[in-house]
Amino acid sequence: MDETKTAATNHKSIDDVIVIGAGVSGLVAAYRLAKKGLRVRVLEAAPRVGGVIASGRSDGMLWELGPNSGMDTTPLINELLDALGIREQRADARKIADRRFIVRGGQLIPLPMSGPAFFSTPLFSTGTKMGLLREPFIARSSPETDETVAAFVRRRLGAEFLDYAIEPFVAGIFAGDPEQLSVQAAFPKLFELEQRYGGLIRGLILGARERKRQREKSKNNAKSFSFNDGMQTLTDALARGVVAENGVVETGVRVTAIARDTQGGWTVQSESGEATYCADSVVLATPADATATLLASLKTPVADDAAQALRDIPYAPVSIVISGWKREAVTHPLDGFGFLVPRKENAHILGTLFSSSMFDHRADEAHAVLTTFIGGMRQPDLPKHEDGALQEIAARDLASLIGLQGTPLWTKISRHPRAIPQYTLGHLKRVQRVDAVRAQVPGLFFCANWRGGISLGDCVKNGHLTADEVGTFVTSCQAS
């Protein structure tokens, strides 16, 4: 990007805020801080901003190396798009994308999205359907219980619902294992529905009224969206927005240490001592392992404990096979968002997005783009395979499930050895240990998807919240 700067050597800058990390969370926080009139500097180790988000076109077909879309769960999203001037570039998902498939018995079955559809679907047995009537009468768990997602679902909905709805859903969202994830940390709204209303069905009905008052939507009802030229439109616009508000975005700057000086300010050191930066506050918008390294550089017992808590957060490895096809190569009508494969189906892929069916202008009617996910916590070794092997894995399962035949027009492989943080049992306590650092070292803030949610909407909300907290801190420092 023209708006970013390559790191200069041996210089010292004085800013109000330094944001380390230029993924969505860091960029939203930086943009909001810059809009408040603060001097903001964003430092990113990679040669470009955006984190895992990257978009492009091959033979006129749009591909995404990371997330294909976001969910419009909060009004903050459109407010942000308006402020950035990219609202008109937003692309809402087609109506057909409301249809999502689950594989059972080697067949793609639409996931039921209404009561009548649930009771008529072949996805679940009659016993599971009738068992759902018991759910409102099942007692809530103790609020102190840290229960796995799998245990929670078995207790309230039954094993079959876990196997053919929740397990593939968890694999699709977290690339995770419901036997390991904490329901309280990974799906706090489900936990809150049970605690507040005594059950999920009752909570979904009563909770809808509260969401309406708060102008928020559940992920089940929220609209999927992207942009005409892909998700990178958002992160590029955020970086431009920071610069337009007199902030600075520097790429290719790997921060190796942070320190608090005797006056209460912060010093940030880059790799090989090539550059030093100073600011009143620092925001760590980096993955858990990178954040742990920076905290350890503080060399205090509480920072060391927080660093260990961050190192204990596992990440799911994922490789993505994106391919462009002649439409005639696929016998399935591709009339939906895509499909997820439950563990019980013994496939080698987690699922596939019908990327060109989701939004207009991703491919013409004669072509199709498919995005297939491999690995996750289910099969963590598969993403390490060579490119050719990953393509074969995807092609073999897609041939069986959607009748894919022939050779793709093009293929891209996107590898993410540490793709998604896993909110496993004990996660909230680990986050508390990290937060303990802030009590001892004022001016240090955290804003990344290892806390507060992994979705785009969560990152936008967390970026806003962090910016407001940082703004209050800096203003109070400068007033004293």
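Our subject in this report is the structure included herewith. For every chain, the first residue of the written sequence is number 1, and numbering continues from 1 onward in sequence order. In keeping with the model being predicted, local features are shown solely for residues with a pLDDT of at least 70 and side-chain atom pairs are shown and tallied solely at 80 or more, while totals for entire chains, interfaces and linings include all residues. Excluded from the side-chain calculations are hydrogens and water; all other atoms, namely the structure's heavy atoms, are used.

Quick notes on the overall build of the protein
Thinking step 1. Numbering of helices and strands starts at the N terminus; helices are DSSP runs of H or I of at least 4 residues and strands are runs of E of at least 2. In terms of regular secondary structure, the protein is built from 16 helices and 20 strands.
Thinking step 2. The size measure is the radius of gyration over C-alpha atoms, and the globule rule it meets is 2.2 Å times the number of residues to the 0.38 power. For 480 residues, the compact-globule estimate of 2.2 N^0.38 gives 23 Å, and the protein sits close to it at 23 Å.
Thinking step 3. Burial statistics for the protein: of 480 residues in total, 56% are counted as buried.
Thinking step 4. Residue-level accessible areas treat just the shown protein chains as cover; the underlying method is Shrake-Rupley with a 1.4 Å probe. Within the structure as shown, the protein displays about 20600 Å² of accessible surface, and the carbon and sulfur contribution to it stands at 52%.
Thinking step 5. In the protein, the 55 positive side-chain charges and the 53 negative ones have mean positions that sit 5 Å from each other. The buried label applies to any residue whose accessible area, calculated with a 1.4 Å probe on protein chains only, is under 20% of its type's maximum; exposed applies above 50%, and partly exposed to all values in between. For the purpose of charge, His is not counted, nor are the chain termini; Lys and Arg are scored as positive and Asp and Glu as negative. Just so you know, the charge point we use is NZ for Lys, CZ for Arg, CG for Asp and CD for Glu.

Comments concerning the nonpolar core
Thinking step 1. In these notes, a set of buried Ala, Val, Leu, Ile, Met, Phe, Trp, Tyr and Cys residues joined through side-chain atoms within 4.5 Å is what counts as a nonpolar core. Grouped together as the largest cluster of nonpolar side chains are 42 residues, with contacts concentrated most on Phe-124, Val-149, Val-153, Phe-161, Ile-166, Phe-174 and Phe-187.
Thinking step 2. Those elements that provide at least two residues to this core are strand 5 (61–64), helix 5 (149–156), helix 6 (159–173), helix 7 (183–186), helix 8 (188–197), strand 15 (315–326) and strand 19 (410–421).
Thinking step 3. Of all the elements, helix 6 adds the most residues to this core, at seven residues.
Thinking step 4. Residue contacts are counted whenever heavy atoms from the two residues lie within 4.5 Å of one another. Phe-187 has contacts with Val-149, Phe-169, Val-170, Phe-174 and Ser-182, leaving out every residue within four places of it along the chain.
Thinking step 5. One finds Tyr-31, Leu-84, Val-460 and Val-474 within the second-largest nonpolar core, a separate group that totals 40 residues.

Points about the pattern of salt bridges
Thinking step 1. Salt bridge, as used here, is a side-chain nitrogen of Lys or Arg placed within 4 Å of a carboxyl oxygen of Asp or Glu. In this structure the tally under the stated criterion is 28 salt bridges.
Thinking step 2. In this structure, Arg-378 and Glu-167 form a salt bridge, with 2.9 Å as the shortest nitrogen-oxygen distance. Linking Arg-378 in the loop between strand 18 (367–375) and helix 14 (387–402) with Glu-167 in helix 6, this pair joins segments that are 211 residues apart in sequence.
Thinking step 3. Here Arg-438 makes a salt bridge to Glu-469, at a shortest N to O gap of 3.7 Å. With a gap of 31 residues between them, Arg-438 in helix 15 (residues 427–440) and Glu-469 in helix 16 (residues 456–479) connect regions that are remote in the sequence.
Thinking step 4. Judged by relative accessible area, Arg-438 falls into the partly exposed class, the value being 30%.

Structural notes on the sheet that holds strand 15
Thinking step 1. We call two strands paired when DSSP finds no fewer than two bridges between them. The sheet built from seven strands is open, its strands ordered 9-8-16-17-18-15-19 with mixed pairing. Of all strands in the sheet, those with a lone pairing partner are strand 9 (107–110) and strand 19, marking the two edges. Neighbouring strand axes in the sheet, compared pairwise and without regard to direction, differ in orientation by 30° on average.
Thinking step 2. Pairing of strand 8 (residues 100–104) with strand 9 involves four bridges; the strand directions are antiparallel. Residue Ile-102 lies in a different strand from strand 9, and its bridge partner there is Ile-109.
Thinking step 3. Between N-to-C directions, angles cover 0 to 180 degrees, with each direction set by a line fitted to C-alpha atoms, over the stretch in contact for helices. The sheet strands contacting helix 6 are strand 8, strand 16 (338–340) and strand 19, and the helix crosses strand 8 at an angle near 125°.
Thinking step 4. Taken strand by strand, helix 14 contacts strand 8, strand 9, strand 15, strand 16, strand 17 (351–353), strand 18 and strand 19, and its axis lies near 115° from that of strand 18.

Looking at helix 14
Thinking step 1. What a helix is expected to span follows from its residue count: subtract one and scale by 1.5 Å. With 16 residues, helix 14 ought to run about 22 Å at 1.5 Å a step, and its terminal C-alpha atoms sit 22 Å apart, in line with that.
Thinking step 2. Buried residues of helix 14: Leu-390, Ile-393, Ala-394, Asp-397, Leu-398, Leu-401 and Ile-402, and no others. Angularly, the buried residues of helix 14 cover 115° about the axis, an arc narrow enough to put them on a single face. Exposed and facing more than 90 degrees away from the buried side of helix 14 are Glu-392 and Ser-400.
Thinking step 3. Downstream of helix 14 by a residue or two, Gly-403 has a phi angle that is positive, lying close to 70°. Directions drawn from the helix axis to the C-beta atoms are what define this arc.

Brief notes about the side chain of His-367
Thinking step 1. You can see His-367 is positioned in strand 18.
Thinking step 2. Polar side-chain contacts of His-367 include one of 2.6 Å to the side chain of Asp-364.
Thinking step 3. If we ignore the near neighbours within four places in the chain, the residues touching His-367 are Met-61, Trp-325, Lys-326, Arg-327, Ser-356 and Leu-409. A 3.5 Å cut-off defines polar contacts: any pair of N or O atoms within that distance qualifies, except that in protein one atom must be a possible hydrogen donor and the other a possible acceptor, and neighbouring residues in sequence count only when both atoms are side-chain atoms.

Points about the pairing of strand 14 (residues 276–284)
On a regular strand, each side chain points to the face opposite its neighbour's, so the side chains alternate between the two faces of the sheet.
Thinking step 1. Burial analysis of strand 14 places eight of its nine residues in the buried class, which makes it a mostly covered element.
Thinking step 2. Bridge count for strand 13 (residues 266–270) against strand 14 is four bridges, and the pairing is antiparallel. Note on strand 14: the bridge partner recorded for Thr-267 is Cys-278.
Thinking step 3. As defined by bridge partners, strand 14 adjoins strand 20 (residues 444–446) across three bridges and the pair is classed as parallel. Residue pairing for strand 20: Val-282 is matched across the bridge by Leu-444.

Remarks on the packing of aromatic side chains
Thinking step 1. Each pair of aromatic rings taken from Phe, Tyr and Trp, with Trp reduced to its six-membered ring, is defined by centres within 6.5 Å and is described as stacked if the planes are under 30 degrees apart, edge-to-face if over 60, and tilted in the remaining cases. Enumeration according to the criterion identifies twelve aromatic pairs in this entry.
Thinking step 2. On the basis of an interplanar angle of 85° and a centroid distance of 6.0 Å, the ring pair of Phe-225 and Phe-227 is categorised as edge-to-face. Taken individually, Phe-225 and Phe-227 each receive the classification buried, so the pair is uniform in this respect.
Thinking step 3. The ring of Phe-337 carries Arg-100 above its face, with NZ or CZ at 3.8 Å from the centroid.
Thinking step 4. Counting as a charge over the ring demands two things of the Lys NZ or Arg CZ atom: a distance within 6 Å of the ring centre and an angle within 35 degrees of the ring normal. Above the plane of the ring of Tyr-164 lies Arg-104, whose end atom (NZ or CZ) is 4.0 Å from the centre.

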